[in-house]
Amino acid sequence: MDKSYYVSKDLAELLNITEATIYKYIREGKVIPYNKDSWQIDGEYRFSEEEALKLVDAQEEKPGLSTKDIADQLGITSYTVTRHIKSGELPAERKMYKGLERYFVKEEDFKVYASRILRNKQEKLYDETLGFYLFQPLYEQDGTLAARVLQLDELIIQSINGERLSLEEAKNLAPTKEKNSLFNGKKVRKPGYVAFTFPASDNVYSSTYYFMDYVMNEVGLQNALVQRNKSTISFSVRSFDLPIPAEDNPFTIEGIVNKYMTQALVCYVKIQFI
């Protein structure tokens, strides 16, 4: 579709149905004109390309997955999917469907592509609605560790006993004291980064989580990137200074750096015990 908008007659011709049927679809909510409230001024109903495609898709079995299908399933944009098709990263064929020629992807090719996209997809580091950040420790009123936020997209807050806590239960616990650097710090402009690869763990006492939580508090969420799969967590941080009080060092940072740092590029990282 190359037009800026479509009218009822266009859709009727595409679907080989009457305009009266299009009006019926509008009343039933199957298709929604973007000028529904002002169509009398415009003199006709007008439909966006996306809305027109939605109606077209509903009329006939598609010869594969469309770019919109893939984008919706993976939580990315249709533009990204199309870009990957054109670069050869995602095999696809242009096929006629309801009078339109579009890209379609085979199910087996989609599965390979999806596994790569999901493997490399950045984890959300803070959920403003929930009020939690990734790997955040939560404490009892007496200051002892009670639980930790292990996942945000599908919320997982796990207690020290290995039990999953509800959102209500977690909110009754005491969060760590707020540090402005988590949210208000400046984005680092120095070139380079340092990357760590940790084994995934559901142990809330894991030194991995202490380390990532500490670093994010020091450098800010905007300077960190987390990616994960079933067995590993990749943690990347832009160039930073990292002071570590030697008397308050629960995760032996020198050992973590030596064991888990997997990549560095033009990196400026200064770790200083004070």
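Above this text sits the structure in question.
Basis of the calculations
Residues numbered from 1 in each chain as written. Predicted model: local features only at pLDDT ≥ 70, side-chain atom pairs only at ≥ 80, totals over all residues. Heavy atoms only, no water. Axes fitted to C-alpha atoms, helices over the stretch in contact; angles between N-to-C directions. Helix = DSSP H or I, 4+ residues; strand = E, 2+ residues; numbered from the N terminus. Left-handed = near helix turned anticlockwise from the far one by under 90°. Contact = heavy atoms within 4.5 Å. Nonpolar A, V, L, I, M, F, W, Y, C, P; charged D, E, K, R; others polar. Salt bridge = Lys/Arg side-chain N within 4 Å of Asp/Glu carboxyl O. Buried < 20%, exposed > 50% of the residue type's maximum accessible area, 1.4 Å probe, protein only. Pairing = 2+ DSSP bridges. Polar contact = N/O pair within 3.5 Å; in protein donor to acceptor, adjacent residues only side chain to side chain. Core = buried A, V, L, I, M, F, W, Y, C linked by side-chain atoms within 4.5 Å. Arc of directions from axis to C-beta.

Looking at the packing of helix α5 (residues 67-74) against helix α6 (residues 78-87)
Moving on, step 1. The geometry of α5 relative to α6 is characterised by a closest axis approach of 8 Å and an angle of 120° between their N-to-C directions. Remark: the crossing between α5 and α6 carries right-handed chirality. Each of Thr 67, Lys 68, Ile 70 and Ala 71 in α5 lies in contact with α6, whose residues at this interface are Ser 78, Val 81, Thr 82 and Ile 85.
Moving on, step 2. Class assignment for the residues of the contact of α5 with α6 results in four nonpolar, three polar and one charged.

Some remarks on the pattern of salt bridges
Moving on, step 1. Summed over all chains, the structure comprises five salt bridges.
Moving on, step 2. A salt bridge links Lys 24 to Glu 28, with the nearest nitrogen and oxygen atoms 2.6 Å apart. Here Glu 28 and Lys 24 lie together in helix α2 (residues 19-28), a separation of four residues that amounts to about one turn.
Moving on, step 3. The class of Lys 24 is partly exposed, set by a relative accessible area of 37%.
Moving on, step 4. In this structure, the salt-bridge partner of Glu 44 is Arg 46, at a minimum N-O distance of 3.4 Å.
Moving on, step 5. By relative accessible area, which is 27% here, Glu 44 ends up partly exposed.
Moving on, step 6. Counted as one network, the salt bridges with shared partners bring together Lys 24, Glu 28 and Lys 30.

Some thoughts on the environment of Ala 170
Moving on, step 1. Turning to its location among the elements, Ala 170 is positioned in helix α8 (residues 167-171).
Moving on, step 2. Once the C-alpha coordinates of Ala 170 and Tyr 139 are considered, the two residues, 31 residues apart in sequence, prove to be 9.4 Å apart.
Moving on, step 3. Not counting chain neighbours up to four residues away, the residues in contact with Ala 170 comprise Phe 132, Leu 138 and Ile 157.

Some thoughts on the pairing of strand β12 (residues 224-228)
Moving on, step 1. The side-chain alternation of β12 yields one buried face, formed by Ala 224, Val 226 and Arg 228, and one unburied face, formed by Leu 225 and Gln 227.
Moving on, step 2. Examined bridge by bridge, β12 and strand β13 (residues 232-238) share five bridges and lie antiparallel to one another. Bridge pairing links Arg 228 to Ile 233 in β13.

Some thoughts on the side chain of Asp 127
Moving on, step 1. Positionally, Asp 127 belongs in strand β5 (residues 126-127).
Moving on, step 2. A polar side-chain atom of Asp 127 sits 3.0 Å from the main-chain amide nitrogen of Thr 129.
Moving on, step 3. With residues near it in sequence (within four places) discarded, Asp 127 still touches Phe 132 and Leu 152.

Quick word on the nonpolar core
If you look at soluble globular proteins, the nonpolar side chains tend to sit buried side by side.
Moving on, step 1. Ranked by size, the top nonpolar core spans 32 residues in total, and within it Phe 132, Met 212, Met 216 and Phe 235 carry the most contacts.
Moving on, step 2. Put simply, the parts of the chain that give this core at least two residues each are β6 (132-133), β8 (145-151), β9 (156-159), β11 (193-199), α10 (207-219), β12 and β13.
Moving on, step 3. With six residues, α10 is the single largest residue contributor to this core.
Moving on, step 4. Dropping the residues within four chain positions of it, Phe 235 is found in contact with Val 194, Ala 195, Phe 196, Phe 198, Phe 211, Met 212, Val 215, Met 216, Ala 224, Leu 225 and Val 226.
Moving on, step 5. In terms of nonpolar packing, the next biggest core, distinct from the first, is built from 17 residues, Leu 11, Val 56, Tyr 97 and Phe 104 among them.

Things to note about α2
Moving on, step 1. Listed as buried for α2 are Ile 22, Tyr 25 and Ile 26. The buried residues of α2 occupy an angular sector of 100° when projected down its axis, which confines them to one face.
Moving on, step 2. Directly beyond the C-terminal end of α2, a positive phi value near 80° is found at Gly 29.

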